[in-house]
Amino acid sequence: MIDLDRETWLYLLIIVAILAFFLWNSNRSKKIKKERKNRNFRKRYLERKKEHKSDTL
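Just so it is clear, the model here is predicted, and its values are computed rather than measured.

Here's the deal with the overall build of the protein
Assigned secondary structure in the protein consists of 1 helix and 0 strands. Scored against the burial criterion, the 57 residues of the protein give a buried share of 0%. Accessible surface, the protein as shown: approximately 6,200 Å² in total, 62% of it carbon and sulfur. For the protein, the distance from the average site of its 16 positive side-chain charges to the average site of its 7 negative ones is 12 Å.

Here it is, written out as structure tokens:
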């Protein structure tokens, strides 16, 4: 097995933690962006439906 000193393990642990944070954050931001897109789509759809309903009256 690789024999590393305590300082090297600490640096590796910090690097892994930073990478994990960035991966988690990118997945979260993708989900938020998708939810925002869907919410905007529903809002536009309801507005068009409302306009169509008022035009028919």
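So, a positive patch on the surface
Taken together, the side chains of K33, R36, R39 and R42 present a region of like positive charge at the surface. Mapped onto the secondary structure, R39 falls in helix α1 (residues 6-56).

Topic: the packing of aromatic side chains
Within this structure, the stated rule accounts for 2 aromatic pairs. With centroids separated by 6.1 Å and ring planes inclined at 40°, the aromatic side chains of F21 and W24 adopt a geometry described as tilted. On the criterion of helical spacing, the pair formed by F21 and W24 is a turn pair, its members being 3 residues apart in helix α1. F21 gets classed as partly exposed once you look at its relative accessible area, which sits at 43%. Among the aromatic residues, ring-to-ring pairing joins F21, F22 and W24 into one connected group.

Thoughts on the environment of F22
Here F22 is to be found in helix α1. The spatial distance from the C-alpha of F22 to the C-alpha of K49 is 40 Å, given a sequence separation of 27 residues.

What to know about a nonpolar patch on the surface
Together, L10, Y11, L13, I14, I18, F21, F22 and W24 make up a nonpolar patch on the protein surface, roughly 870 Å² of accessible area in all. Mapped onto the secondary structure, I14 falls in helix α1. For I14, a relative accessible area of 42% puts it in the partly exposed group.

Rules and cut-offs
- Residues numbered from 1 in each chain as written.
- Predicted model: local features only at pLDDT ≥ 70, side-chain atom pairs only at ≥ 80, totals over all residues.
- Heavy atoms only, no water.
- Helix = DSSP H or I, 4+ residues; strand = E, 2+ residues; numbered from the N terminus.
- Buried < 20%, exposed > 50% of the residue type's maximum accessible area, 1.4 Å probe, protein only.
- Areas by Shrake-Rupley, 256 points an atom, 1.4 Å probe, with all protein chains shown as cover.
- Lys, Arg positive; Asp, Glu negative; His and termini not counted.
- Charge placed at Lys NZ, Arg CZ, Asp CG, Glu CD.
- Patch = residues over 30% accessible without salt bridge, like charges linked within 9 Å, V, L, I, M, F, W, Y side chains within 5 Å.
- Salt bridge = Lys/Arg side-chain N within 4 Å of Asp/Glu carboxyl O.
- Phe/Tyr/Trp six-rings, centres within 6.5 Å; stacked < 30°, edge-to-face > 60°.

Limitation: the analysis is restricted to geometry and does not speak to function.
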